[in-house]
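Chain and residue survey
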Amino acid sequence: YIIIIMPKISVIIPVYKVEKYIARCAESLFSQTLDDIEYIFIDDCTPDNSIEVLNAVLEKYPHRKDSVRIMRMQENSRQAAVRKYGMQIATGDYIIHCDSDDWVDVDLYEKMYSEAISAKADVVFCPIVDEYATHSSKRKLRDYPQTGKELVEKWYSTNIGMFLWNKLVKRTIFTNHEILPFDGINLWEDNGLMFRAFYYADRISSIKTSAYHYNQANPNTITS
């Protein structure tokens with residue numbers, strides 16, 4: 001018998017015009033204290049040296065090389081298509097996204113995964129720190145319902161952000177219900193994805209300490 005062990009987490013990282021930022025992002029990912037992570041970097045035909053920078057960083061982390069996949073889109077396809085492709089090829093028990101101009105605390109994914117297992121959670125939130133050119137600002141943690149259906153019903157009153165990058169989601173939530181990003185919707189594509197995922201999420205949990213660092217100083221983001 002051949003026993004195939006799936007990674008604990010797949011991290012999906014779109015890459016486009018981030019040569020100034022991707023080294024910090026990659027270092028934070030490759031330095032994770034969780035051992036069994038699949039990293040899926042997707043080159044959306046970036047016109048700069050982002051992939052060269054990424055490969056240079058990877059050389060410093062030889063133990064991660066077998067866990068890293070650097071894929072390339074056939075043409076510049078934008079956020080929805082890139083995220084969709086990453087989700088289709090991900091093999092981890094849980095999926096999370098990371099934007100390549102942001103970064104994460106080095107123990108973030110270990111803490112989120114441990115919480116998912118101990119709480120038997122389908123979705124685990126983490127705190128967000130907004131990173132500006134001159135200062136940082138940690139967002140206040142909101143209270144939120146314990147089940148996904150409750151969260152969907154009460155979303156207008158709780159106003160929980162649907163960001164993909166601060167939520168670890170059990171992969172079977174996506175695969176069992178054929179949930180993928182809507183084609184062609186590249187701004188707030190996370191809303192369309194996470195609303196459907198929450199509908200099927202039986203249990204939601206969170207961690208309070210380690211955080212995702214959201215780069216507010218990049219002028220090339222789609223929100224900018």
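Residues numbered from 1 in each chain as written. Predicted model: local features only at pLDDT ≥ 70, side-chain atom pairs only at ≥ 80, totals over all residues. Heavy atoms only, no water.

1. Brief notes about the packing of helix α1 (residues 22–30) against helix α2 (residues 50–58)
Here is the rule: An axis is simply a line fitted to the C-alpha atoms; with a helix, the fit covers only the stretch in contact. Between two such axes, the angle follows the N-to-C directions and lies from 0 to 180 degrees. Segments assigned H or I by DSSP are reported as helices when at least four residues long, segments assigned E as strands when at least two residues long, and all are numbered from the N terminus. By definition, any crossing whose near helix is turned counterclockwise from its far helix by less than a right angle is left-handed, and any crossing with a clockwise turn is right-handed. Throughout, a contact is declared for two residues whenever any of their heavy atoms are within 4.5 Å. Each residue is assigned to one class: nonpolar for Ala, Val, Leu, Ile, Met, Phe, Trp, Tyr, Cys and Pro, charged for Asp, Glu, Lys and Arg, and polar for all the others, Gly among them.
In the contact formed by α1 and α2, the axes pass within 9 Å of each other and the chain directions differ by 35°. As α1 packs across α2, the resulting crossing turns out to be right-handed. Along its contact with α1, which presents Ile22, Ala23, Ala26, Glu27 and Phe30, the element α2 presents Ser50, Val53, Leu54, Val57 and Leu58. Within the contact of α1 with α2, the residues separate by chemical class into 8 nonpolar, 1 polar and 1 charged.

2. Re the pairing of strand β7 (residues 128–131)
We count it as follows: Exposure classes here rest on a 1.4 Å probe applied to the protein chains alone. A residue is buried below 20% of its type maximum, exposed above 50%, and partly exposed in between. For two strands to be treated as a pair, DSSP must find at least two bridges joining them.
Neither face of β7 is exposed, since Ile128 and Asp130 on one face and Val129 and Glu131 on the opposite face are all buried. Two strands pair when backbone bridges link them, and β7 and strand β11 (residues 212–215) are joined in this way by 4 bridges, in the parallel orientation. Following the sheet pairing, Ile128 is matched in β11 by Tyr212. When β7 meets strand β8 (residues 136–138), the two strands line up antiparallel, connected through 3 bridges. Its bridge partner lying in β8, Asp130 is registered against Ser137. Connecting β7 to the antiparallel partner β8 that follows it, the hairpin turn spans 4 residues.

So, to be careful, I would describe these as geometric facts and stop short of saying anything about function.
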